Amino acid sequence: MERVPQTHEEEPMPTPLCDIDALAAAAPTVSATGVLWKLTESGRQLDANLVRLAPGRHIAPHAEPDLDVLVLVVSGAGTFGAGTEGEPLPLVAGSLFWLPHGSTRSITAGDDGLAYLTVHRRRPGMQIGRAR
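What counts and what doesn't
Residues numbered from 1 in each chain as written. Predicted model: local features only at pLDDT ≥ 70, side-chain atom pairs only at ≥ 80, totals over all residues. Heavy atoms only, no water. Helix = DSSP H or I, 4+ residues; strand = E, 2+ residues; numbered from the N terminus. Buried < 20%, exposed > 50% of the residue type's maximum accessible area, 1.4 Å probe, protein only. Contact = heavy atoms within 4.5 Å. Areas by Shrake-Rupley, 256 points an atom, 1.4 Å probe, with all protein chains shown as cover. Salt bridge = Lys/Arg side-chain N within 4 Å of Asp/Glu carboxyl O. Phe/Tyr/Trp six-rings, centres within 6.5 Å; stacked < 30°, edge-to-face > 60°.

Undergrad: Explain the overall build of the protein chain here, please?
TA: A count of helical and extended segments in the protein chain gives one helix and seven strands. Element order for the protein chain, N to C, with α for helix and β for strand: α-β-β-β-β-β-β-β. Taken across its 132 residues, the protein chain has 28% of its residues classed as buried. The long-range share in the protein chain, meaning contacts at least 24 apart out of those at least 6 apart in sequence, stands at 70%. By element, 57% of the accessible surface of the protein chain is carried by carbon and sulfur atoms, the whole surface being about 9,700 Å².

Undergrad: Just to check I follow, could you spell out the pattern of salt bridges for this structure?
TA: A pair can form between side chains of opposite charge whenever their charged atoms are brought close. Tallying each qualifying case throughout the model produces one salt bridge. With a closest N to O distance of 2.9 Å, Arg44 and Asp47 form a salt bridge.

Undergrad: Can you help me understand the packing of aromatic side chains in this one?
TA: The geometry of an aromatic ring pair is captured by the separation of the ring centres together with the interplanar angle, meaning the angle of the planes. Evaluated as defined, the whole model comprises one aromatic pair. When the ring of Phe80 is compared with that of Phe97, the centres are 4.7 Å apart and the planes differ by 25 degrees; the resulting orientation is stacked. Taken together, the positions of Phe80 in strand E4 (residues 69-82) and Phe97 in strand E6 (residues 96-99) put the pair 17 residues apart, joining distant regions of the chain. There is no split in this pair, since Phe80 and Phe97 are both buried.

Spelled out as structure tokens, the structure:
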């Protein structure tokens, strides 16, 4: 059998990251709001976060000027405010939203809390450049 020479660079391989259902399944408490998991692998082109909002907690209306964002609700329920008027849309497990850059949005968790996954292009890190 002929041996294939190895290259110095290894081929990128798919990597299991976490069990989203297991992370989101833990019962939220009032203080259990925040990022449960985030993508940290080196060389990535994406950022992803699993966020939990405790019952009744709220993400204030804001706009992301530069990045499109996908939001996938993985557990719980709540309300999504879309646009500057905050027209409420229901959020339930399995809801998938595309948030185009520049769009205004807010999220409010329902009585059982809410967990959702966000995915967007990775922001480049801050770099020190040469003065021009």
